[in-house]
Amino acid sequence: MSNPNLNNQDLLTRSLQSVWHPCTQMKQHETYPLIPISRGDGVWLVDAEGKRYLDAVSSWWVNLFGHNNPRIKDAIKQQLDTLEHVMLAGFTHEPVVELSEKLGKLTGLGHAFYASDGASATEIALKMSFHYWRNAGKANKTKFISLQNSYHGETLGALSVTDVAIFKDTYAPLLMQSAQMPSPDFRLAETGESEEAFALRCADVLEAYVSEHSHELAAFIIEPLVQCAAGMGMYHPVYLKRAREICTKYEVHLIADEIAVGFGRTGEMFACEWVQIKADFICLSKGITGGYLPLSAVLTTDKVYQAFYDDSTARGFLHSHSYTGNPLACSAALATLAIFEADNVIENNKAKSAQIVSKMVVLNDIPHMHLRHQGMIFAFDVTTKNAKFSRDCYSAALKQGLLLRPIGNTVYFMPPYTITDNEIDFMVNATLEAVKSTV
Ligand SMILES: *Cc1c(COP(=O)(O)O)cnc(C)c1O
């Protein structure tokens, strides 16, 4: 319960004195105040004074079925009465087994390895790929490639395959070398070039590089269909299909980082399903627990798994985290997967996606409006001379009770799937006002 005696301003001051907030230049909070959230309800976040904000970004893309969701809450409460945690080395428990079986069925991969956040999943996939090639007698295959403008997390290994200058450049001396392939993000195409032709052209460059370097390449890590952190950069699925063919042909692992796009965001359960490919590794996190508890997983092929299975301890994958396979987080994930099934979410989201797109036509009042969408991800880029556009637009939307978080000049919606008709109208209209007042 929130404490009614708690003074709002007091809490903000104490937070700034005691908490180091993520992805933030703390000094900017002298001008952009923190928002103290005291509870959540459906798509709404409610601050300490009762002001409501529609969470159009699903709290950094993690929330799928609304805040304060009774089904997920009940599952966690039940698990809490049974077993809160046990270490997963040498021990096992029902929630982790059941979740691994379900994720295995859904992805067509197996032997789920767990951690607590997306960046750790990236680390695990990179280390497993590298170690696989060692175990397979190909110790020269040590290098990784990724896409231009890619994002795979902030830890040193994940940052090495990330290509966002503001996050990466400062730490460059600490990072391993990796090469970036041209991004098939359609915004980068030549005028007049089709989305598919551009994707195929980028794939040709990928093939040229991979064919030349395959002897030293462990894996190609990719965000399937949408490069979310790059500002919802979307690309033609043929690129993904070609990437799979190229990686297979030249014996390089394909790592699908579905941390952001997994669990229905692109319109299918997993983005790889659009072209029916199976990666060698899939990284999952964010929506996996419906946004309730930190959890991530990496699943891989039997071939990879078998290369570690041996009498020698050192050939095993000796990576671990203290909270690996936490039962509470697994129970939240199981409840989330149960909602997908019970509510036929993937099918129903198709209608909802079309409905959101049709309601977004009011945004055509904004000059140079080109809406793009992929499943339940919606975005448009704003032409503006305002160098502070993303901050100003964020503030203007907040004033109206809408939580938007533009990435550069890209405004996007990635709302919880439970958003209603009226809430969609509110989200779109408040966005129109916010953008018009800040371009
Ligand atoms: C968010 C994200 C990550 C990192 O996940 P964290 O839980 O923030 O560490 C990795 N890859 C992609 C594609 C992401 O969107």
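These numbers were taken from a predicted model, which means no experiment stands behind them. (Residues numbered from 1 in each chain as written. Predicted model: local features only at pLDDT ≥ 70, side-chain atom pairs only at ≥ 80, totals over all residues. Heavy atoms only, no water.)

**Student:** Looking at this structure, how should I read the domain arrangement of the protein chain?
**Tutor:** The figure often quoted for interface size is the accessible area lost as the parts come together. For the protein chain, the assigned domains read domain 1 (35–68 + 344–436) and domain 2 (83–342). Summed over the three residues of domain 1 that lose the most area to domain 2, namely Trp 61, Ile 346 and Gln 374, the buried surface amounts to 27% of that side. Counting the contacts that link domain 1 with domain 2 gives two salt bridges. Residues Lys 350 and Glu 268 are paired through a salt bridge, measuring 3.6 Å at the closest nitrogen-oxygen approach. Summed over the shared surface of domain 1 and domain 2, the number is 17 residue pairs in polar contact (both at pLDDT 80 or more). Elements with a minimum of two residues in the side of domain 1 that touches domain 2: helix H2 (58–61), helix H12 (345–359), strand S13 (372–374), strand S14 (377–381) and strand S16 (410–413). Looking at side-chain class alone, the side of domain 1 that touches domain 2 contains 15 nonpolar, ten polar and three charged residues. (Domains from an automatic or database assignment. Buried area = accessible area lost by both parts, 1.4 Å probe. Salt bridge = Lys/Arg side-chain N within 4 Å of Asp/Glu carboxyl O. Polar contact = N/O pair within 3.5 Å; in protein donor to acceptor, adjacent residues only side chain to side chain. Helix = DSSP H or I, 4+ residues; strand = E, 2+ residues; numbered from the N terminus. Nonpolar A, V, L, I, M, F, W, Y, C, P; charged D, E, K, R; others polar.)

**Student:** Help me understand a nonpolar patch on the surface in this model?
**Tutor:** Together, Leu 156, Tyr 171 and Leu 174 make up an exposed nonpolar region whose accessible area comes to about 310 Å². Residue position: Leu 156 is located in helix H6 (residues 156–160). Note on Leu 156: relative accessible area 44%, which makes it partly exposed. (Patch = residues over 30% accessible without salt bridge, like charges linked within 9 Å, V, L, I, M, F, W, Y side chains within 5 Å. Areas by Shrake-Rupley, 256 points an atom, 1.4 Å probe, with all protein chains shown as cover. Buried < 20%, exposed > 50% of the residue type's maximum accessible area, 1.4 Å probe, protein only.)

**Student:** Could you clarify how one ought to interpret the environment of Glu 216 in this entry?
**Tutor:** As for its position among the elements, Glu 216 is in the loop between helix H8 (195–213) and strand S7 (217–222). Residues Glu 216 and Phe 413, spaced 197 residues apart in sequence, show a C-alpha to C-alpha distance of 40 Å. With near-sequence residues (within four places) excluded, Glu 216 lies in contact with Asn 140, Lys 141, Thr 142 and Lys 143. (Contact = heavy atoms within 4.5 Å.)

**Student:** Looking at this structure, I do not really get the packing of aromatic side chains. What am I missing?
**Tutor:** Any aromatic ring pair is given by two values, namely how distant the centres are and how the planes are angled relative to each other. For the structure on display, the rule yields twelve aromatic pairs. Ring geometry for Tyr 235 against Tyr 239: centres 5.7 Å apart, planes inclined by 80°, an arrangement best described as edge-to-face. Tyr 239 matches Tyr 235 in its accessibility class, with the two residues each being buried. An aromatic cluster is built from Phe 65, Phe 340 and Tyr 417, whose rings are joined through pairwise contacts. Across from the ring centre of Trp 44, 4.6 Å away, lies the NZ or CZ of Arg 52, which sits over that ring. The ring of Tyr 32 carries the charged tip of Arg 391 above its face, separated from the ring centre by 4.4 Å. (Phe/Tyr/Trp six-rings, centres within 6.5 Å; stacked < 30°, edge-to-face > 60°. Lys NZ or Arg CZ within 6 Å of the ring centre and 35° of its normal.)

**Student:** What is the right way to read the layout of surface pockets from this model?
**Tutor:** One way to see where empty space is left: roll a probe the size of a water molecule over the atoms. Quantified by volume, the second largest pocket comes out at close to 680 Å³. Top element by residues in the lining of the second largest pocket is strand S4 (residues 110–115). It accounts for four residues. (1 Å grid on protein atoms, 1.4 Å probe; cavity = no way out; pocket = protein on both sides within 12 Å on 5 of 7 lines; lining within 4 Å. Points joined across faces, edges and corners; volume = space filled by probe spheres on them.)

**Student:** Sorry if this is basic, but what is going on with the pattern of salt bridges here?
**Tutor:** Opposite charge on two side chains permits them to pair, given that their charged atoms come into close proximity. Tallied over the full model, the rule gives 21 salt bridges. Within the structure, one salt-bridge network assembled from shared partners comprises Glu 207, Lys 241, Arg 242, Glu 245 and Lys 249.

**Student:** Explain helix H1 (residues 8–18) here, please?
**Tutor:** Every α-helical turn comprises 3.6 residues, leaving residues that sit three or four positions apart pointing alike. Burial in H1 covers these residues: Asn 8, Leu 12 and Ser 15. The buried residues of H1 occupy one face: seen down the axis, they fall within an arc of 60°. Along H1, the residues that are exposed and aim more than 90 degrees away from the buried face are Gln 9, Gln 17 and Ser 18. (Arc of directions from axis to C-beta.)

**Student:** Sorry, what's going on with the nonpolar core here?
**Tutor:** Judged by nonpolar contacts, the single largest core of 106 residues is most densely connected at Leu 103, Phe 220, Met 232, Tyr 239, Phe 263 and Phe 340. The element best represented in this core is helix H11 (residues 327–342), accounting for ten residues. Two domains each donate at least three residues to this core, and these are domain 1 (35–68 + 344–436) and domain 2 (83–342). Discounting chain neighbours no more than four positions away, the residues touching Met 232 are Trp 61, Arg 187, Val 226, Gln 227, Arg 372, Ile 377, Ala 379, Ile 407, Tyr 412 and Met 414. Counting 23 residues, the second-largest nonpolar core is a separate cluster that includes Phe 144, Phe 281, Val 298 and Phe 317. (Core = buried A, V, L, I, M, F, W, Y, C linked by side-chain atoms within 4.5 Å.)

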